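Examination of the molecular architecture
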Amino acid sequence: PSQEVFRVKDQSREHQANQAHKFICVSGEHGVQWSTKEDEQWQPFCDFPDIVDITLKQASRDNVLEETRIVTLTKQDNKVLEAEFPSLREALSFLALIDGYYRLTADAHHYFCKEVAPPKLLEHLEDHCHGPIISDFAMSKLKKQGNRKG
């Protein structure tokens, strides 16, 4: 099965130098999983429709901004998965993957992060466009507007 694995800094274990990293696996088949070792058994975190929020923020230590980015995934039950990515590029890559799977499995017209949302989706939302409509609805709408030849 196709999957993407990200090595990230574990915010919850930051004080333990030897346990400061974890791995996050994203796949269409198993959703989001994590592990403290890449070759260890994956622990399920959630499937894509369970995600309700994603935040991205720049990390800082002692009030000094760093290059790293912190991504927080929040599930419907308010449980969170927080990870620190080495760069904005890697964090956006992770977000684009999650965002894309969410659109495929849960809601085609939703995005979590504007930076990785498809431009057409943003354009359609701005124009108040929505997905496909059934023929009966279209015909009814056309008749209400007046049956003009054209």
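Below, the structure is looked at part by part. (Residues numbered from 1 in each chain as written. Predicted model: local features only at pLDDT ≥ 70, side-chain atom pairs only at ≥ 80, totals over all residues. Heavy atoms only, no water.)

Here seven strands make up an open sheet; going across it, the order is β4-β3-β2-β1-β7-β6-β5 and the pairing antiparallel. The outermost strands of the open sheet, each flanked by one partner alone, are β4 (43-46) and β5 (51-61). Mean inter-strand twist for the sheet, computed between neighbouring axes without regard to direction, equals 35°. By the bridge criterion, two bridges tie strand β1 (residues 3-10) to strand β7 (residues 80-85) in an arrangement that is antiparallel. The partner of K9 across the bridge, within β7, is E84. (Pairing = 2+ DSSP bridges. Helix = DSSP H or I, 4+ residues; strand = E, 2+ residues; numbered from the N terminus. Axes fitted to C-alpha atoms, helices over the stretch in contact; angles between N-to-C directions.)

Turning our attention to the nonpolar core. Side chains of nonpolar character tend, in soluble globular proteins, to be buried together. I24, V32, I54, L73, F85, F94 and I98 are the most contacted members of the largest nonpolar core, which has 23 residues in total. Of all the secondary-structure elements, those providing two or more residues to this core are β1, β2 (21-27), β4, β5, β6 (64-75), β7 and α1 (88-105). Of the residues forming this core, the biggest block, five residues, is contributed by α1. Contact partners of L73, with chain neighbours within four places excluded, come to V32, F45, D53, I54, K79, V80, L81, F94 and I98. (Core = buried A, V, L, I, M, F, W, Y, C linked by side-chain atoms within 4.5 Å. Buried < 20%, exposed > 50% of the residue type's maximum accessible area, 1.4 Å probe, protein only. Contact = heavy atoms within 4.5 Å.)

Purely geometric numbers; function is a separate question.
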